[in-house]
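A look at the structure
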Amino acid sequence: MIAQQETSLAAALSIAEGSESMRRLVLWYIASKGGYGATDEEIQAVLGMNPSTERPRRGELVKAGKVRDSGNRRETISRRKAIVWVAVMQQGDLFKERP
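Residues numbered from 1 in each chain as written. Predicted model: local features only at pLDDT ≥ 70, side-chain atom pairs only at ≥ 80, totals over all residues. Heavy atoms only, no water.

Between its first and last C-alpha, helix H2 (residues 18–32) extends 21 Å over 15 residues, near the 21 Å set by a 1.5 Å rise per residue. For H2, the set of buried residues is Arg23, Leu25, Val26, Leu27, Trp28, Tyr29, Ile30 and Ala31. Phi turns positive, to about 60°, at Gly34, one or two residues after H2. (Helix = DSSP H or I, 4+ residues; strand = E, 2+ residues; numbered from the N terminus. Expected span 1.5 Å × (residues − 1). Buried < 20%, exposed > 50% of the residue type's maximum accessible area, 1.4 Å probe, protein only.)

If you want it as structure tokens, here you go:
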């Protein structure tokens, strides 16, 4: 399952262009994590995104009401607590937002 997800991510990254595609990719990844969610650091690591690319896209998703703070925190590599982001959408929405 993980190898399949990594293959899907690699394919999605290879065709992603512009902030709209990047925003969709970030949303797709957060949604794929379900209730477990993802921190900015986790999103950046898995998608291979620079923090200055990922954070604004995630922020746009928060502003649009598609992603929210789960209320949970996870430790980062630097041992700081980071917000865990979760998708706010119906299951059918995921397919509309996939790149």
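Structurally, Ser21 can be placed in helix H2. Residues Ser21 and Arg57 lie 36 residues apart in sequence; the distance between their C-alpha atoms is 9.6 Å.

The next point concerns the packing of H2 against helix H3 (residues 40–47). How two helices sit against one another is set out by the angle between their axes and by the gap between those axes. At a closest axis distance of 11 Å, the pairing of H2 and H3 adopts a crossing angle of 110°. When the axis of H2 is compared with that of H3, the two are roughly perpendicular. Two packed elements cross with a definite hand, and for H2 against H3 that hand is right-handed. Between H2 and H3, the residues in contact are Leu25, Val26, Tyr29 and Ile30 and Ile43, Val46 and Leu47, respectively. Taken together, the residues of the contact of H2 with H3 break down into seven nonpolar, no polar and no charged. (Axes fitted to C-alpha atoms, helices over the stretch in contact; angles between N-to-C directions. Parallel < 35°, antiparallel > 145°, perpendicular 65-115°, else oblique. Left-handed = near helix turned anticlockwise from the far one by under 90°. Contact = heavy atoms within 4.5 Å. Nonpolar A, V, L, I, M, F, W, Y, C, P; charged D, E, K, R; others polar.)

Taken as a class, soluble globular proteins show a tendency for nonpolar side chains to be buried jointly. Core analysis: the largest hydrophobic core is formed by 14 residues, its most contacted members being Val26, Tyr29, Ile30, Ile43, Leu47 and Val67. For this core, the secondary-structure elements that each account for two or more residues are H2 and H3. The element best represented in this core is H2, accounting for six residues. (Core = buried A, V, L, I, M, F, W, Y, C linked by side-chain atoms within 4.5 Å.)

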